[in-house]
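Next come the chains, spelled out residue by residue.
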Number of protein chains: 2
Amino acid sequence: MNLAIGDLSRRTGVKIPTIRYYEQIGLLPSPARTEGQQRRYGPDELHRLNFIRHARELGFEVDAIRQLLGLASDPGRSCGEVHDITKTHLAEVNHKIARLSALRDELEAMVACDNRRISECRIIEVLADHGECQHRQH
Amino acid sequence: MNLAIGDLSRRTGVKIPTIRYYEQIGLLPSPARTEGQQRRYGPDELHRLNFIRHARELGFEVDAIRQLLGLASDPGRSCGEVHDITKTHLAEVNHKIARLSALRDELEAMVACDNRRISECRIIEVLADHGECQHRQH
DNA sequence: ACTACGACCTCTAGCGGCTAGAGGTTCAAG
DNA sequence: CTTGAACCTCTAGCCGCTAGAGGTCGTAGT
Ligand SMILES: [Zn+2]
Ligand SMILES: [Zn+2]
Ligand SMILES: [Zn+2]
Ligand SMILES: [Zn+2]
């Protein structure tokens, strides 16, 4: 298997500039090159990029992925650190959900406005004055 | 009332560089200046910045806020457009909540791994293969 | 009136995670 | 050997700020 960057892109669903970006930030290793300096990838890079893509889809930050990749390359090691990273990420996801849910409640109360004019619109009133909000903090 | 930028910052909770940034992108109008070119703000700018800050806290994008401010300055107008903007934003918030909730489920299933080693860790397995995921798409 | 110093000024660059374009080169099929 | 799609590098842009360098202003105290 000897893939050009476009092949790798099609197989992983990661866009070409993104692949080059990942190389630039050290997330993907510098691949072999042809004499004309074109990149050629093998199965290792394919797996690694699939891993990266999936972790990104699951919301992990690039720095967390870097750590996960480092740990994953050491099969005999305890998976405790992997769990720590994942739990930290899960906590952030839960935090975001909580914040967005509060936002949703607030916005739903706002769109319940049935006035016709800006001068009396509930949405504008609430935006102008946080005291009108249901939650004390956002 | 004749506020220096630091006073305005303390009264609104918006950081000084952010205030200057809002001016630069045309969200806040250019204020009066002293002879030495220092900014001086009055009550209008104070209210406007409070509005901006609150809308940002409620997750509205800067461009939406620009539109909202334009509409808010026209009291006799129908508030239909304000509602459209808010409903669009609410839909995006709901979409994000749905996506994050799916992520949370996936991550919770992953952290349920009770193995000890990387070589058998459920988290690493799932990251390496989306086929292991519960949801078909993220 | 003068000094000290905190608050202000502009300008530039950086964050994360890409994405897009210009302008030039290489590869592979016919 | 020619064509043209695919590749290369480099730079800049997106959003919404945030930070720093290096210099000027305003005002309180003496
Ligand atoms: Zn209304
Ligand atoms: Zn509020
Ligand atoms: Zn594990
Ligand atoms: Zn998956």
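Basis of the calculations
Residues numbered from 1 in each chain as written. Chains lettered and ligands numbered in written order. Predicted model: local features only at pLDDT ≥ 70, side-chain atom pairs only at ≥ 80, totals over all residues. Heavy atoms only, no water. Phe/Tyr/Trp six-rings, centres within 6.5 Å; stacked < 30°, edge-to-face > 60°. Buried < 20%, exposed > 50% of the residue type's maximum accessible area, 1.4 Å probe, protein only. Donors = N, O, S within 2.8 Å, 3.2 Å for Na, K, Ca; no water. Tetrahedral: all angles 85-135°; square planar, octahedral: opposite > 155°, others 65-115°. Helix = DSSP H or I, 4+ residues; strand = E, 2+ residues; numbered from the N terminus. Near = heavy atom within 4 Å. Polar contact = N/O pair within 3.5 Å; in protein donor to acceptor, adjacent residues only side chain to side chain. Nonpolar A, V, L, I, M, F, W, Y, C, P; charged D, E, K, R; others polar. Domains from an automatic or database assignment. Contact = heavy atoms within 4.5 Å. Buried area = accessible area lost by both parts, 1.4 Å probe. Salt bridge = Lys/Arg side-chain N within 4 Å of Asp/Glu carboxyl O. Least-squares fit on C-alpha atoms with pLDDT ≥ 70 in both.

**Focus: the packing of aromatic side chains**
Residues and elements named next belong to chain A. Counted under the stated rule, the structure contains 2 aromatic pairs over all chains. Seen from their ring centres, tyrosine 21 and tyrosine 22 are 6.0 Å apart, and the 45 degrees between their planes marks the pair as tilted. The exposure class of tyrosine 22 is buried, given its relative accessible area of 9%.

**Here we look at the coordination of the zinc ion (ligand 4)**
Each protein donor to the zinc ion (ligand 4) is listed here as A:His54 (NE2), B:His130 (ND1), B:Cys133 (SG) and B:His138 (NE2); together their distances run 1.9 to 2.2 Å. Taken together, the 4 donor atoms surrounding the zinc ion (ligand 4) define angles of 101 to 118 degrees at the centre, an arrangement classified as tetrahedral. Highlighted residues: A:His54 in helix α3 (residues 43–57) and B:Cys133 in the segment after α6 (122–128), drawn from two different chains. In terms of burial, A:His54 and B:Cys133 fall into one category: buried.

**A word on the protein's contact with DNA strand D**
Neighbouring residues of DNA strand D: 20 residues in total, closest A:Arg20, A:Arg39, B:Tyr22, B:Thr34 and B:Arg56. By atom count, sugar and phosphate contribute 88% of the portion of DNA strand D lying within 4 Å of the protein. The separation between a phosphate oxygen of DNA strand D and a polar side-chain atom of A:Arg33 is 3.2 Å. Taking B:Arg56, its side chain carries an N or O atom lying 2.7 Å from a phosphate oxygen of DNA strand D. Those elements giving two or more residues to the surface near DNA strand D turn out to be α1 (5–12) and α2 (16–24) of chain A together with α2 (16–24) of chain B. At 4 residues, the largest contribution of residues to the surface near DNA strand D is made by α2(B). Taken together, the residues of the surface near DNA strand D break down into 7 nonpolar, 7 polar and 6 charged.

**Considering the coordination of the zinc ion (ligand 3)**
A:Cys79 (SG), A:His83 (NE2), B:Cys113 (SG) and B:Cys121 (SG) make up the full set of protein donors to the zinc ion (ligand 3), lying at 2.0 to 2.4 Å. Angles of 96 to 131 degrees at the metal separate the 4 donor atoms of the zinc ion (ligand 3), which places the site in the tetrahedral class. With A:Cys79 in the loop between α4 (62–72) and α5 (80–111) and B:Cys113 in the loop between α5 (80–111) and α6, the pair connects residues from two separate chains. An identical accessibility class is assigned to A:Cys79 and B:Cys113; each is buried.

**Here's the deal with the domain arrangement of chain A**
Residues and elements named next belong to chain A. When its domains are assigned, chain A resolves into domain 1 (5–76) and domain 2 (82–137). Computed from C-alpha atoms alone, the centre-to-centre distance between domain 1 and domain 2 is 37 Å. Between domain 1 and domain 2, the contact holds 8 residues from the first and 5 residues from the second. Between domain 1 and domain 2, the buried area comes to about 490 Å², and carbon and sulfur atoms account for 77% of it. Three residues stand out in domain 1 for area buried against domain 2, namely Phe60, Leu68 and Leu71, and they jointly supply 66% of the buried area on that side. Across the domain 1-domain 2 interface, the total number found is 0 salt bridges. Where domain 1 packs against domain 2, one counts 2 residue pairs in polar contact (both at pLDDT 80 or more). Tallied by class, residues from the side of domain 1 that touches domain 2 come to 5 nonpolar, 2 polar and 1 charged.

**What to know about the relation of the copies chain B and chain A**
In screw terms, the move from chain B to chain A is a rotation of 180 degrees and a rise of 0.0 Å along the axis, fitting with an RMSD of 0.0 Å. The two molecules are tied by a two-fold rotation axis, judged by turn and shift. Using C-alpha coordinates, one finds that chain B approaches the rotation axis most closely at B:Ile97, a distance of 2.9 Å. Of the interface residues in chain B, 100% have counterparts in chain A that sit at the interface too, so the contact is made through matching surfaces.

**Notes on the protein's contact with DNA strand C**
Close to DNA strand C lie 20 residues; A:Tyr22, A:Thr34, A:Arg56, B:Gly6 and B:Arg20 are nearest. Here DNA strand C approaches the protein such that, of its atoms within 4 Å, sugar and phosphate make up 88%. Take B:Arg20: an N or O atom from its side chain is 2.3 Å from a phosphate oxygen of DNA strand C. In the environment of DNA strand C, a phosphate oxygen lies 3.2 Å from a nitrogen or oxygen atom belonging to the side chain of B:Arg33. Elements supplying a minimum of two residues to the surface near DNA strand C: α2 of chain A together with α1 (5–12) and α2 of chain B. When residues in the surface near DNA strand C are grouped by element, the largest group, 4 residues, is from α2(A). Considering only residue class, the surface near DNA strand C consists of 7 nonpolar, 7 polar and 6 charged.

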